[in-house]
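Observations on the three-dimensional arrangement
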Amino acid sequence: MAGQPKWPELPSGLWEKRSKDFPESPQAVVLLERADFNEKNIQRFRRLLVLGEGGRTVAEVHDMNPDARSIEGRVVQPDGSSVPFEPGRDVITRTALSTTKSERKVLHIFPPGLSSHCLVDLRWEEPIEERWRAIPEHYGYVLEWSLTASVPILRYELKLTPENMRRDWNYKFEVDSACSPKVESNAGDHSFVFENIPAREQIPFLSNAEIGRPRFFYFYQVDLYDDVERLYGFGSKPDVNLWQAIAQTFEWKAYEWNVDSGTRFEAWTQRALRDLPPDPVEKARTLLLRLHQSVKPMGQLTVAEAAALPKQPLHKPGSSVDLDKLLERGVAEAHPLRVFYYRLLRMAGLDPVILHLIDREENRLRLTHGNVWQFDETAIGIRKPDGSFFFLDPSSRWSAGEIRPWFLETKGLLVIPGKTQKEWNIQSFSLPGRSANTNVERWKFHISATDHEERISLEGSAIGPKAWALRYHLAPHEAKEQTQKWQARLESGAQTVRWSEVDLMDAQNPERPLAWKAVGKREYEEGRRLEIRPFPGLTLPVSLPEAWPPKRDRAILMPYPFTLEAESHIQIPDGFDLPEEITWQKSNSLGEVTWTAHALAIPGASRECVIRMRIKLNESMFPPEKYGDLKEWSSWVMEGFTRVAVMKNTASDHKH
């Protein structure tokens, strides 16, 4: 393209490199990754060397930010020939998510002319449209990304200009000791150079934060530091507790000062505060239910509710929260809804507190960063009479305000409001998890078998985090499409069964268990044996790997504690033996797996085999020393899922 800079020269000895030179990743390697931050954009460059057939997939880019511009690329062959990327052919914009009011687009890049030994160059810009920002708008106020890839990176360069390193911005690196950066300075620019970053580890049940080390953090603090300096004289008091200052400036402003209300809010609260239960926890639950009836959380709407939304944003970040307007519109983003609930609890005579949480899959609390944007979710709580706390998430409609499982068992920051601004306090807080008995999935099957088919009826239910997760997945769809998705899930767990009469109940009523019914049929050829899978349609409660690394030195992070109970009543056809009776139970520090088969033969009545399976995971997080127990427990789960009820055709035996 005319006017564009030339591509960097190819390094000497490039084409002599072979897969044997990179035993950890024989298919591809990133020779150079570069991100240059300046006042108007981030200039990105990537040079990838393909070393085998599998490297072709690595060269493709999926889900790139749609705001990326000036995208250029080329594929270079060992003979010196090259093929440039063409927009529309190799760089494609696709819609990843579409609603009646908005859609989210992404870019996909498919380099042309890839071979098993070639070089792929790619460069692009991520624009910074507003002059005061140092981070592109789609990242928000904190930019965080992993410096790792699925293949090794020989050199990673991050460059920040003097404008990026002003006092009101902060940047952090999280690195392994083996990947500490070198700092190179030139005319005020600072480059942080990482060398020989290993490929991203493929370790089962490892948090994303662990997988993606080293990581780069870059976050915005301009308003915060101005407030802290005014209130505390930050520059003259270097020993000030930064998080204490945050509580008394940033947090106080968000919940006390930057809020407007009027006659509509006053009239509504007078009605909402009537006839409340005396117990503080039930009072808090009732108030949130009443709030959700009037103001629904954005992002957790039915299809009809989403279609009625105004196109413009409901709340502009940084502006005051107008509680009257929230009631008028009937829908709110997360922060205004939390402010509303905070005010409501206080008016009900409860002492509200604020808890900031981090998704345990992605991050962990970094108090030394002073980054108020590092949190993924905020809950509002009350102090119970015994001194403990009870929390609800006002933005979580489909879980009836219960904190979603991916925010449990983490360390957060608890903000305790005071009577005056200077009395606001803040402290670290460990949020406990939920027991396996509060996250229960139950399946009950009735299977009528003949010598050539099975007729199956199914009833099931889920409560707790399992139900919450399913509701989040189903909620954005019409009722008919919800049923279709649930039927597809049943089919994925029993591909030879044809399901019909699928019924999904209470998919959008978080106060009741999520429930389902279905009828199915499986046909097979007549034979001397029947092998009946007792739990068709049931899928593994956790995704288990096909192979396990020989050793492990990182903590084990499971989805969340759960109990799965499955029961199957199988009618035995005439001419077939009853299945073997089995009582099989295993347990260790992770949990337990039980599988029993009990046959009933009552004269003059139908013959039946009852099979029960129970799987329990006790906790979510385990130290690496429990790796052996993890593999053992996983093998029991697989054995429980693959066991079948075997019945022999006795009539066929007599014929032979």
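Before reading further, recall that the structure is shown in the block above.
For the structure given in this document, a descriptive report is provided here. (Residues numbered from 1 in each chain as written. Predicted model: local features only at pLDDT ≥ 70, side-chain atom pairs only at ≥ 80, totals over all residues. Heavy atoms only, no water.)

**As for the overall build of the protein**
Regarding its fold elements, the protein presents 13 helices and 35 strands. Dimensions of the protein along its principal axes, counting C-alpha atoms only, are 95 × 80 × 50 Å. Burial statistics for the protein: of 656 residues in total, 49% are counted as buried. Across the protein, every contact between residues at least 6 apart in sequence was considered, and the portion connecting residues at least 24 apart equals 72%. When the accessible surface of the protein is summed, it comes to about 31,700 Å², and 48% of that surface belongs to carbon and sulfur atoms. For the protein, the separation between the mean place of its 86 positive charges and that of its 93 negative charges on side chains is 1 Å. (Helix = DSSP H or I, 4+ residues; strand = E, 2+ residues; numbered from the N terminus. Buried < 20%, exposed > 50% of the residue type's maximum accessible area, 1.4 Å probe, protein only. Contact = heavy atoms within 4.5 Å. Areas by Shrake-Rupley, 256 points an atom, 1.4 Å probe, with all protein chains shown as cover. Lys, Arg positive; Asp, Glu negative; His and termini not counted. Charge placed at Lys NZ, Arg CZ, Asp CG, Glu CD.)

**Section: helix H4 (residues 242-257)**
The largest bend in H4 is about 40 degrees, located at Glu251. Regarding H4, the residues found buried are Leu242, Trp243, Ala245, Ile246, Ala247, Gln248, Thr249, Glu251, Ala254 and Tyr255. (Bend = angle between axes of the 7 residues up to and from the residue.)

**A closer look at the sheet that holds strand E23 (residues 425-430)**
Ordered in space as E21-E20-E19-E22-E23, the 5 strands form an open sheet in which the pairing is antiparallel. Of all the strands in the sheet, the pair left with one neighbour each is strand E21 (389-392) and E23. Going across the sheet, the axis of each strand differs from the next one's by a mean of 30 degrees, ignoring polarity. Taken together, the 6 bridges between strand E22 (residues 411-416) and E23 define a ladder with antiparallel strand orientation. Looking across to E23, one finds that Ile416 is bridged to Asn425. Strands in contact with H4 are strand E19 (352-357), strand E20 (377-383), E22 and E23; relative to E23, the strand with the most contacts, it is inclined by about 100 degrees. Packing of helix H6 (residues 280-294) onto the sheet brings it into contact with E20 and E21, and relative to E21 it is tilted by some 15 degrees. (Pairing = 2+ DSSP bridges. Axes fitted to C-alpha atoms, helices over the stretch in contact; angles between N-to-C directions.)

**Topic: the nonpolar core**
Among the nonpolar cores identified, the biggest contains 57 residues, and Trp443, Trp499, Ile615 and Trp633 are the most heavily contacted of them. The dominant element in this core, judged by the number of residues it contributes, is helix H12 (residues 627-642), at 6 residues. For Ile615, the residues in contact, after removing those within four places along its chain, are Phe562, Thr563, Leu564, Glu592, Val593, Trp633, Val637 and Phe641. (Core = buried A, V, L, I, M, F, W, Y, C linked by side-chain atoms within 4.5 Å.)

**A look at the environment of Pro513**
If you trace the backbone, Pro513 turns up in the loop between strand E26 (498-505) and strand E27 (514-523). For Pro513, a relative accessible area of 39% puts it in the partly exposed group. Counting along the chain gives 52 residues from Pro513 to Ser461, while the straight-line C-alpha distance between them is 6.3 Å. Dropping the residues within four chain positions of it, Pro513 is found in contact with Ala462, Ile463, Arg471, Met505 and Asp506.

**So, the sheet that holds strand E11 (residues 169-174)**
If you trace the 3 strands from one edge of the open sheet to the other, you get E9-E14-E11, paired in antiparallel fashion. Bordering the open sheet on either side are strand E9 (142-146) and E11, each of which pairs with just one other strand. Averaged over all adjacent pairs, the angle separating strand axes in this sheet is 10 degrees, with direction ignored. Summarising the sheet, E9 and strand E14 (residues 215-220) pair through 5 bridges and their orientation is antiparallel.

**Description of the packing of helix H10 (residues 465-474) against helix H11 (residues 479-492)**
Viewed as axis vectors pointing N to C, H10 and H11 meet at an angle of 125 degrees, and their least axial separation amounts to 10 Å. Between H10 and H11, the angle falls in the class oblique. Pair H10 / H11 crosses with right-handed handedness. Here Lys466, Leu470, His473 and Leu474 of H10 lie close against H11, whose contacting residues are Gln482, Lys485, Trp486 and Arg489. When the residues that make up the contact of H10 with H11 are grouped by side-chain class, the tally is 3 nonpolar, 2 polar and 3 charged. (Parallel < 35°, antiparallel > 145°, perpendicular 65-115°, else oblique. Left-handed = near helix turned anticlockwise from the far one by under 90°. Nonpolar A, V, L, I, M, F, W, Y, C, P; charged D, E, K, R; others polar.)

**Side note on the pattern of salt bridges**
The tally for this structure, following the rule as stated, stands at 44 salt bridges. A salt bridge links Arg34 to Glu157; the shortest N-O distance between them is 3.0 Å. Note that Arg34 is positioned in strand E1 (residues 28-37) and Glu157 in strand E10 (residues 153-160), a separation of 123 residues in sequence. Assessed through its relative accessible area of 15%, Glu157 is described here as buried. For Arg643, the salt bridge identified is with Glu639, shortest N-O distance 3.2 Å. A residue is classified by how much of its surface remains accessible, and Arg643, at 22% relative accessible area, is partly exposed. We classify Glu639 as partly exposed; its relative accessible area is 31%. (Salt bridge = Lys/Arg side-chain N within 4 Å of Asp/Glu carboxyl O.)

**Things to note about H6**
Between its first and last C-alpha, H6 extends 21 Å over 15 residues, near the 21 Å set by a 1.5 Å rise per residue. Burial in H6 covers these residues: Pro280, Val281, Lys283, Ala284, Thr286, Leu287, Leu288, Leu291 and His292. Elements that come into contact with the buried residues of H6 comprise helix H5 (263-272), strand E16 (296-297), helix H9 (334-347), E20 and E21. Two or three places before Val281, at the start of H6, stands the capping residue Asp279, its side-chain oxygen 3.1 Å from that residue's backbone nitrogen. (Expected span 1.5 Å × (residues − 1). Polar contact = N/O pair within 3.5 Å; in protein donor to acceptor, adjacent residues only side chain to side chain.)

**What to know about the packing of aromatic side chains**
For the coordinates displayed, the defined rule picks out 32 aromatic pairs. An aromatic cluster of at least three residues, connected via ring pairs, comprises Phe37, Tyr139, Trp145, Tyr171, Phe173, Phe192, Phe194, Phe216 and Tyr218. Over the face of the ring belonging to Trp145 we find Arg44, whose NZ or CZ atom lies 4.8 Å from the ring centre. (Phe/Tyr/Trp six-rings, centres within 6.5 Å; stacked < 30°, edge-to-face > 60°. Lys NZ or Arg CZ within 6 Å of the ring centre and 35° of its normal.)

**Quick look at the environment of Asp279**
As for its position among the elements, Asp279 is in the loop between H5 and H6. With 106 residues separating them along the chain, Asp279 and Pro385 place their C-alpha atoms 9.6 Å apart. From its side chain, Asp279 meets the backbone nitrogen of Val281 in a polar contact 3.1 Å long. There is a polar contact of 3.1 Å between the side chain of Asp279 and the backbone nitrogen of Glu282.

**Notes on the pairing of strand E8 (residues 118-127)**
With 10 of 10 residues buried, E8 lies mostly within the body of the structure. Of the two faces of E8, the one holding Cys118, Val120, Leu122, Trp124 and Glu126 and the one holding Leu119, Asp121, Arg123, Glu125 and Pro127 are both buried throughout. Looking at chain direction, strand E2 (residues 41-50) and E8 are connected through 10 bridges and run antiparallel. What sits directly across from Arg44, in E8, is Trp124. Bridging between strand E4 (residues 69-76) and E8 involves 6 bridges; their strand directions are antiparallel. Bridged to Glu72 within E8 is Arg123.

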